[in-house]
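Okay, here's what each chain looks like letter by letter:
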Amino acid sequence: MRFMMLMIPKGYEQAEPGTLPEAKAVEAMMKYNEELQKAGVLLALEGLHPPSMGARVSFAGDKPRVTDGPFAEAAEVLGGFWMIQVKSKEEAIQWASRCPASPNETIEVRQILEMTDFPTEVQKANEGFTEMQTRNA
(Lines give C-alpha, C1' and ligand atoms only; values in the text may rest on other atoms or scores of the structure.)
Protein backbone atom coordinates (compact mmCIF):
# COMPACT_ATOMS: atom_id res chain seq x y z
CA MET A 1 0.00 0.00 0.00
CA ARG A 2 1.28 3.43 -0.86
CA PHE A 3 0.76 6.37 1.48
CA MET A 4 1.52 10.07 1.37
CA MET A 5 2.75 11.63 4.57
CA LEU A 6 1.95 15.32 4.20
CA MET A 7 3.85 17.81 6.36
CA ILE A 8 1.65 20.69 7.51
CA PRO A 9 3.68 23.35 9.38
CA LYS A 10 1.60 25.94 11.27
CA GLY A 11 2.38 29.47 10.14
CA TYR A 12 3.86 28.38 6.81
CA GLU A 13 0.84 29.83 5.03
CA GLN A 14 2.23 33.31 5.83
CA ALA A 15 5.95 32.53 5.34
CA GLU A 16 7.91 35.06 3.33
CA PRO A 17 9.33 34.08 -0.08
CA GLY A 18 12.64 32.29 0.31
CA THR A 19 11.88 31.01 3.83
CA LEU A 20 13.99 27.90 4.41
CA PRO A 21 14.38 25.47 7.31
CA GLU A 22 17.33 25.73 9.69
CA ALA A 23 20.32 23.43 9.18
CA LYS A 24 19.73 21.64 12.51
CA ALA A 25 16.16 20.75 11.49
CA VAL A 26 17.34 19.57 8.07
CA GLU A 27 20.02 17.41 9.66
CA ALA A 28 17.46 15.68 11.92
CA MET A 29 15.08 15.22 9.00
CA MET A 30 17.83 13.70 6.85
CA LYS A 31 18.49 11.06 9.51
CA TYR A 32 14.79 10.23 9.46
CA ASN A 33 14.76 10.12 5.65
CA GLU A 34 17.73 7.76 5.72
CA GLU A 35 15.82 5.46 8.10
CA LEU A 36 12.91 5.37 5.65
CA GLN A 37 15.31 4.60 2.81
CA LYS A 38 17.21 1.88 4.71
CA ALA A 39 13.90 0.23 5.64
CA GLY A 40 13.03 0.10 1.93
CA VAL A 41 9.74 2.00 2.33
CA LEU A 42 10.68 5.39 0.83
CA LEU A 43 9.43 6.00 -2.72
CA ALA A 44 9.75 9.80 -2.96
CA LEU A 45 10.09 12.92 -0.84
CA GLU A 46 10.14 16.64 -1.51
CA GLY A 47 9.96 19.93 0.33
CA LEU A 48 7.88 22.81 -0.97
CA HIS A 49 8.56 26.54 -1.16
CA PRO A 50 6.14 28.65 0.91
CA PRO A 51 2.74 29.52 -0.57
CA SER A 52 3.88 33.14 -0.94
CA MET A 53 5.90 31.91 -3.92
CA GLY A 54 3.06 29.86 -5.41
CA ALA A 55 -0.25 30.32 -7.13
CA ARG A 56 -3.67 28.69 -7.04
CA VAL A 57 -5.84 28.07 -10.07
CA SER A 58 -9.56 27.82 -9.25
CA PHE A 59 -12.29 26.71 -11.60
CA ALA A 60 -15.48 28.33 -10.31
CA GLY A 61 -17.26 30.14 -13.13
CA ASP A 62 -16.62 30.00 -16.85
CA LYS A 63 -12.82 30.31 -16.88
CA PRO A 64 -9.88 29.46 -14.60
CA ARG A 65 -8.91 32.12 -12.05
CA VAL A 66 -5.29 32.50 -10.86
CA THR A 67 -4.53 33.77 -7.36
CA ASP A 68 -0.91 34.44 -6.44
CA GLY A 69 0.25 33.50 -2.94
CA PRO A 70 0.11 34.00 -0.10
CA PHE A 71 -3.49 32.85 0.21
CA ALA A 72 -5.50 34.79 2.80
CA GLU A 73 -8.07 32.00 3.22
CA ALA A 74 -5.49 29.24 3.78
CA ALA A 75 -5.62 27.77 7.28
CA GLU A 76 -3.19 24.93 6.56
CA VAL A 77 -0.71 24.45 3.74
CA LEU A 78 1.76 21.74 2.80
CA GLY A 79 5.43 22.17 3.52
CA GLY A 80 6.48 18.91 1.92
CA PHE A 81 5.68 15.23 1.56
CA TRP A 82 6.96 11.68 1.61
CA MET A 83 5.54 8.82 -0.42
CA ILE A 84 6.08 5.48 1.26
CA GLN A 85 5.11 1.89 0.54
CA VAL A 86 4.15 -0.12 3.60
CA LYS A 87 1.85 -3.02 4.52
CA SER A 88 -0.84 -1.05 6.39
CA LYS A 89 -2.17 2.31 7.52
CA GLU A 90 -0.91 1.45 11.00
CA GLU A 91 2.64 1.03 9.68
CA ALA A 92 2.39 4.37 7.85
CA ILE A 93 1.24 6.02 11.08
CA GLN A 94 4.16 4.43 12.93
CA TRP A 95 6.60 5.95 10.41
CA ALA A 96 4.90 9.35 10.65
CA SER A 97 5.11 9.17 14.45
CA ARG A 98 8.90 8.72 14.26
CA CYS A 99 9.42 11.95 12.30
CA PRO A 100 11.52 14.57 14.12
CA ALA A 101 8.83 17.20 13.55
CA SER A 102 8.61 20.34 15.66
CA PRO A 103 5.62 21.07 17.93
CA ASN A 104 4.11 23.37 15.28
CA GLU A 105 4.05 20.64 12.61
CA THR A 106 1.44 18.00 11.81
CA ILE A 107 1.77 15.04 9.46
CA GLU A 108 -1.36 13.92 7.66
CA VAL A 109 -1.23 10.28 6.50
CA ARG A 110 -3.30 9.49 3.39
CA GLN A 111 -3.47 6.29 1.37
CA ILE A 112 -2.94 6.65 -2.36
CA LEU A 113 -5.77 5.44 -4.57
CA GLU A 114 -4.66 2.43 -6.56
CA MET A 115 -6.29 1.57 -9.87
CA THR A 116 -7.71 -1.61 -8.31
CA ASP A 117 -9.65 0.57 -5.82
CA PHE A 118 -11.85 1.85 -8.66
CA PRO A 119 -14.84 0.13 -10.28
CA THR A 120 -14.26 -1.53 -13.66
CA GLU A 121 -15.75 1.35 -15.70
CA VAL A 122 -13.39 3.84 -14.05
CA GLN A 123 -10.42 1.53 -14.63
CA LYS A 124 -11.38 1.34 -18.30
CA ALA A 125 -11.65 5.16 -18.53
CA ASN A 126 -8.14 5.34 -17.03
CA GLU A 127 -6.50 3.03 -19.58
CA GLY A 128 -2.99 4.22 -20.20
CA PHE A 129 -2.65 5.88 -16.77
CA THR A 130 -0.08 3.37 -15.48
CA GLU A 131 2.07 3.77 -18.59
CA MET A 132 1.81 7.57 -18.23
CA GLN A 133 3.09 7.34 -14.64
CA THR A 134 5.99 5.09 -15.68
CA ARG A 135 7.05 7.35 -18.56
CA ASN A 136 7.17 10.39 -16.30
CA ALA A 137 9.01 8.74 -13.39
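Above this text you will find the structure in question.
Rules behind the numbers
Residues numbered from 1 in each chain as written. Predicted model: local features only at pLDDT ≥ 70, side-chain atom pairs only at ≥ 80, totals over all residues. Heavy atoms only, no water. Helix = DSSP H or I, 4+ residues; strand = E, 2+ residues; numbered from the N terminus. Buried < 20%, exposed > 50% of the residue type's maximum accessible area, 1.4 Å probe, protein only. Contact = heavy atoms within 4.5 Å. Polar contact = N/O pair within 3.5 Å; in protein donor to acceptor, adjacent residues only side chain to side chain. Phe/Tyr/Trp six-rings, centres within 6.5 Å; stacked < 30°, edge-to-face > 60°. Lys NZ or Arg CZ within 6 Å of the ring centre and 35° of its normal. Pairing = 2+ DSSP bridges. Axes fitted to C-alpha atoms, helices over the stretch in contact; angles between N-to-C directions. Expected span 1.5 Å × (residues − 1). Arc of directions from axis to C-beta.

Q: Explain the overall build of the chain to me, using residue names and the numbers behind them.
A: Per the secondary structure count, the chain includes four helices and six strands. Overall size of the chain, expressed as C-alpha extent along the three principal axes, is 45 × 45 × 25 Å. Looking at the chain residue by residue over its 137 residues, the buried ones come to 26%. Sequence-distant contacts in the chain: of pairs separated by 6 or more residues, those separated by 24 or more amount to 77%.

Q: Give a description of the side chain of Ser 52 that names residues and reports values.
A: Tracing the backbone shows Ser 52 in the loop between strand 2 (42–47) and strand 3 (55–58). Looking at Ser 52, its side chain comes within polar contact range of the main-chain oxygen of Ala 15, at 2.7 Å. Dropping the residues within four chain positions of it, Ser 52 is found in contact with Ala 15, Glu 16, Pro 17, Gly 69 and Pro 70.

Q: Could you give me a rundown of the side chain of Arg 2, with the residues and numbers involved?
A: Note on placement: Arg 2 falls in strand 1 (residues 2–9). At a separation of 3.0 Å, a polar atom in the side chain of Arg 2 contacts the side chain of Glu 114. Those residues in contact with Arg 2, other than ones at most four positions away along the chain, are Leu 43, Met 83, Ile 84, Gln 85, Arg 110, Gln 111, Ile 112, Leu 113 and Glu 114.

Q: Before we move on, could you go through the packing of aromatic side chains and cite the residues and values that matter?
A: The final tally for this structure, using the stated rule, is one aromatic pair. Geometry around Phe 71 places Arg 56 over its ring, the cationic atom sitting 4.3 Å from the centre.

Q: Please set out the sheet that holds strand 2 residue by residue, giving values where relevant.
A: Strand order in this open sheet of four strands is 2-5-1-6, and the pairing throughout is antiparallel. Since the sheet does not close on itself, it has two edges, and those belong to strand 2 and strand 6 (105–111), each with one partner. Ignoring strand direction, the axes of neighbouring strands in this sheet form an average angle of 15°. Where strand 2 meets strand 5 (residues 80–85), five bridges bridge the pair, whose relative direction is antiparallel. Considered in strand 5, the bridge of Gly 47 is made with Gly 80. Here helix 1 (residues 23–38) sits on the sheet and contacts strand 1, strand 2 and strand 5; the angle it forms with strand 5, its principal contact strand, is near 20°.

Q: Explain helix 1 to me, using residue names and the numbers behind them.
A: Over its 16 residues, helix 1 extends 22 Å from the first C-alpha to the last, a length consistent with the 22 Å expected when each residue adds 1.5 Å. Considered for burial, the residues of helix 1 that qualify are Met 29, Tyr 32, Asn 33 and Leu 36. Each buried residue of helix 1 lies within a common arc of 105° when the element is viewed along its axis, so the set occupies one face. Among the exposed residues of helix 1, those pointing more than 90 degrees away from its buried face are Ala 23, Lys 24, Glu 27, Lys 31, Gln 37 and Lys 38. Against strand 1, strand 2, strand 5 and helix 2 (89–97) lie the buried residues of helix 1.

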